[in-house]
Amino acid sequence: MTNFVVWFAVLLFLVLVGVASAHGGEQPLSNIAIHRVTLALHHSVTIKARPFILAPNGGDTEWVTVDLENPKPSHDDWVGVFSPAKFNGSTCHLENDRKEQAPYICTAPIKYNFANFSNSDYVKTGKTSLKFQLINQRADFSFALFTGGLSNPKLVGVSNYISFANPKAPLYPRLALGKSWNEMTLTWTSGYNLEEAVPFIEWGRKGDPHYRSPAGTLTFDRNTMCGSPARTVGWRDPGFIHTSFMKDLWPNTLYTYKMGHMLSNGSYVWSKMYSFRSSPYPGQDSLQRVIIFGDMGKAERDGSNEYSNYQPGSLNTTDQLINDLKNIDIVFHIGDITYANGYISQWDQFTAQVEPIASTVPYMIASGNHERDWPGTGGFYDVMDSGGECGVLAQTMFYVPADNRAKFWYSADYGMFHFCIADSENDWREGSEQYRFIEHCLASVDRQKQPWLIFAAHRVLGYSSDKWYGLVGSFEEPMGRESLQRLWQKYKVDIAFYGHVHNYERTCPIYQNQCVNSERSHYSGIVNGTIHVVVGGGGSHLSEFTPINTSWSLYRDYDWGFVKLTAFNHSSLLFEYKKSRDGKVYDSFTISRDYKDVLACVHDGCEPTTLAS
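Residues numbered from 1 in each chain as written. Predicted model: local features only at pLDDT ≥ 70, side-chain atom pairs only at ≥ 80, totals over all residues. Heavy atoms only, no water.

Peer 1: Help me out: how do you make sense of the domain arrangement of the chain in this one?
Peer 2: Split by domain assignment, the chain resolves into domain 1 (34-164) and domain 2 (284-599). Summed over both partners, the interface of domain 1 with domain 2 comes to about 1,200 Å²; 45% of that surface belongs to carbon and sulfur atoms. Of all residues in domain 1, Lys111, Tyr112 and Ile135 bury the most surface against domain 2, accounting for 37% of the area lost on that side. For the pair domain 1 and domain 2, the number of links is 3 salt bridges. (Domains from an automatic or database assignment. Buried area = accessible area lost by both parts, 1.4 Å probe. Salt bridge = Lys/Arg side-chain N within 4 Å of Asp/Glu carboxyl O.)

Shown next, in the form of C-alpha cells:
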C-alpha cells in the first residue's frame, strides 16, 4: 500500500508540475546569464545603429540596421538590444541581498540575436549587418555585442544610442467589454505620468460630434513583483497604463476614437484614429462571431529571441485573426497571454503584436498559470510559472469586467452569448468564493434571450486526453470537474473551453464521463450534456496526446489553431476549429434547437418534482 501511495504521489506531482508548465519551453531571455557578464570592451570593435531617430513622422515601430565589425569573431557572438540604452550594474537589485559584488549588467536585453543570423560568413570576415524591428517602449535603445555565448557572456562593444521621435506617445490600445452591455473600455500605455499630462479619449459615432472621457492611470514598481526575474533581471519600467470608459453606446454601431494627453503647457499629444463596433443588445438577433483560444504568447518578426523555438505558432495565429478581422466581433484569449515569465519588456511586445486586433474588437483575457502562479501568494498552485509577476501584469495591462481584478473571474454578455470566465489559478471547488460566482453567473442568464451559454477557464477543468493527465487517468486537472460538472449540467452549459494543454480536442456532449449524444457533427433538441473543447494551441509548444483511447474524444489535432463560434440566430450556432497555418476549417459542428429544448428536464438538470406539482 505504501508503494502505491508513493507511486500515486509521484504521478500527481508530474501532473501538477509538468502540466502546470504546460510544455511552454524556456523563456528565451532566461537563457542569458546576465549575472555572469564580464567587461571586455575592445577598441577595434565597432557597432553602429541607424537611423538615429525612429518614426520621425509618427508610428510605433521601425526597422533598425545594426552594422558591426569584430576582429575576433566567433560562432556564438550575439547582439543584445537594451532599453533604456544606458545599462550597467550600478542599480542592481539583488533578490537575496547577496554580499558578493554586483554584476556589471543586471538587466536583461529586451531581445537579442546571434551575430551570424543573417550572414554565415561573419565568423570569417568579422563583419555583418543585423536588422531588428523595434517598437516604441518609452525609452532609448542601444546594441551590445557579446562573445562567449549566452552562458558566459563577455561584453566587447556598445553602439550609439537611438530613440523614437516621441517615446512617450500613447500606444497599443486594448478594447474590452465593460460591466454593462452598452459600455466599452479602452486601455493603453504611455510614458506620461499624471504630473506631465492628463490622459483622455476622444470618441463618438462615426460622423457625429465626439465626446471626451477621462482616463484613470495605473503603474507599478519593482516591489509589486513577487519574485525573480520580475524583481531582478527581468524588471523594466512598465510606463503608465490608462483606462477610460465609453458608456451609453448605441447597440451594434460604428464608433471612432483616439487617445490623447493634454500636456501641462496646454498642448496635446494624440494617437492615430481607430474604430470599433459596439456590442449588440443582449438577445439581439444578428450575426455574431466569437474567437476563442489560449496559450498564444509572442514572437519576433525579425527572427530575434530564438523566434521559432519558443512560441512557434504565435504569429500565424495573430496573422490569421488580422486577415479575417472583418469577420470577427470579439476575442477571448483564455490564459497564458505573453509567456513573459517575469521579463516585463515582453508585455509591450505582446500588446504591439495584437494591436491590430485589440484596437478593433474587444480582446478579453483569462488568467493562466504563466500570469498568476507564484509560491506563497495565495494561488491554488504553488509553482513559479509567472516568473514573479503573480498576476500584476495581466490585471494591469488588460481590463476585464471583474469585481476584483486580482480575482480574475467575470461574466460577459455579447448579444446572444453569455460567457462565464473562471480563474483556474484560484480555488473553484464547491464552497469557495469562485464556485459561488460561477453558479450565479450560470444561473443569471435568460436563455430565451441568450441561448448560447459558454464556460471558459485556462486549465482543463473538464476533459482532456493530454499525455500528463493520462498518466493519472483523470484526464483533467486534479479535482477539476468534480465540483463543477453538476453546475454545467444543471444550467445546461453548451460548450466549455480550456487552454493550458497545447493542442485541440473536442468531446462528445458529456456528463459524468458518459457521452449523452452519439452525433458528431450536428446536435439538435434537448441540451443533455456539455461539449468540452481544449483550444490551447494558440502558439506555444504543442502537447502530446495520451495513447489511451478516451471514448468521449471525437476529434484531436496536434497543431496550432483557434475556434470560431458563429451565432446566426437564437436557434442556430456554428462551431469551427481552424488551423493557424492556413485559416482553413478542420473540425466543425452545428447546434440547432428551440427555446423549449433548453427548458426541458434532463438528468440532474431540473429540481425534483413534488406531490404539489
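Next comes the rest of the write-up.
Peer 1: Explain the pattern of salt bridges here, please?
Peer 2: Taken as a whole, this structure holds 31 salt bridges when the rule is applied. Across the salt bridge formed by Asp597 and Lys596, the nearest N and O atoms sit 3.5 Å from each other. For Asp597, a relative accessible area of 9% puts it in the buried group. Shared partners join several salt bridges into a network, and the residues in it are Lys111, Lys298, Glu300 and Asp302. (Buried < 20%, exposed > 50% of the residue type's maximum accessible area, 1.4 Å probe, protein only.)

Peer 1: How should the sheet that holds strand 4 (residues 61-69) be read in this particular structure?
Peer 2: Whether parallel or antiparallel, the strands of a sheet pair through hydrogen bonds between backbone atoms. Spatially, 3 strands are ordered 2-4-7 in an open sheet, and the strand pairing comes out antiparallel. Each edge of the sheet is formed by a strand with only one pairing partner; in this case those strands are strand 2 (46-50) and strand 7 (127-135). Each neighbouring strand pair of the sheet contributes to a mean axis angle of 20°, computed without reference to strand direction. One ladder, built from 9 bridges, connects strand 4 with strand 7; its direction is antiparallel. Looking across to strand 7, one finds that Val66 is bridged to Leu130. (Pairing = 2+ DSSP bridges. Helix = DSSP H or I, 4+ residues; strand = E, 2+ residues; numbered from the N terminus. Axes fitted to C-alpha atoms, helices over the stretch in contact; angles between N-to-C directions.)

Peer 1: What am I meant to see in unusual backbone geometry here?
Peer 2: Peptide bonds are trans in most cases, and residues, glycine excluded, mostly fall at negative phi. The omega torsion across Ser83 and Pro84 is 0°, close enough to zero to call that bond cis. As for its position among the elements, Pro84 is in the loop between strand 5 (78-82) and strand 6 (111-114). Residue Pro229 is reached from Ser228 by a cis peptide bond, and omega for that bond is 10°. Of note, Pro229 is situated in the loop between strand 14 (211-218) and strand 15 (240-246). Positive phi is not limited to glycine here, since Asp248 has a value of about 55°. Under the relative-accessibility criterion, Asp248 is labelled exposed at 62%. If you check the backbone angles, Met479 has positive phi at about 70° while not being a glycine.

Peer 1: Honestly, the nonpolar core in this entry has me stumped. Any pointers?
Peer 2: Phe332, Tyr363, Phe497, Leu565 and Phe575 are the most contacted members of the largest nonpolar core, which totals 89 residues. Leaving out residues up to four positions away in the same chain, Leu565 has contacts with Gln288, Arg289, Val290, Ile292, Phe417, Ile454, Ile495, Phe497, Leu573, Leu574 and Phe575. In this structure, Val383, Ala422, Tyr435 and Val501 belong to the second largest nonpolar core, which totals 27 residues. (Core = buried A, V, L, I, M, F, W, Y, C linked by side-chain atoms within 4.5 Å. Contact = heavy atoms within 4.5 Å.)

Peer 1: What am I meant to see in a nonpolar patch on the surface here?
Peer 2: On the surface, a cluster of nonpolar side chains totalling about 330 Å² of accessible area is made up of Val198, Met262, Tyr268 and Trp270. By the element assignment, Met262 lies in strand 16 (residues 254-263). (Patch = residues over 30% accessible without salt bridge, like charges linked within 9 Å, V, L, I, M, F, W, Y side chains within 5 Å. Areas by Shrake-Rupley, 256 points an atom, 1.4 Å probe, with all protein chains shown as cover.)

Peer 1: I would appreciate a short explanation of the pairing of strand 25 (residues 495-498) in the present structure.
Peer 2: Each regular strand carries side chains that alternate between the two faces of the sheet. Of the two faces of strand 25, the one holding Ile495 and Phe497 and the one holding Ala496 and Tyr498 are both buried throughout. In this structure, strand 24 (residues 452-457) lies alongside strand 25, joined through 4 bridges in parallel fashion. Counterpart to Phe455 in the pairing with strand 25 is Ala496. Where strand 25 lies against strand 29 (residues 530-535), 4 bridges are found, and the strand directions are parallel. Directly across from Phe497, in strand 29, lies its bridge partner Val533.

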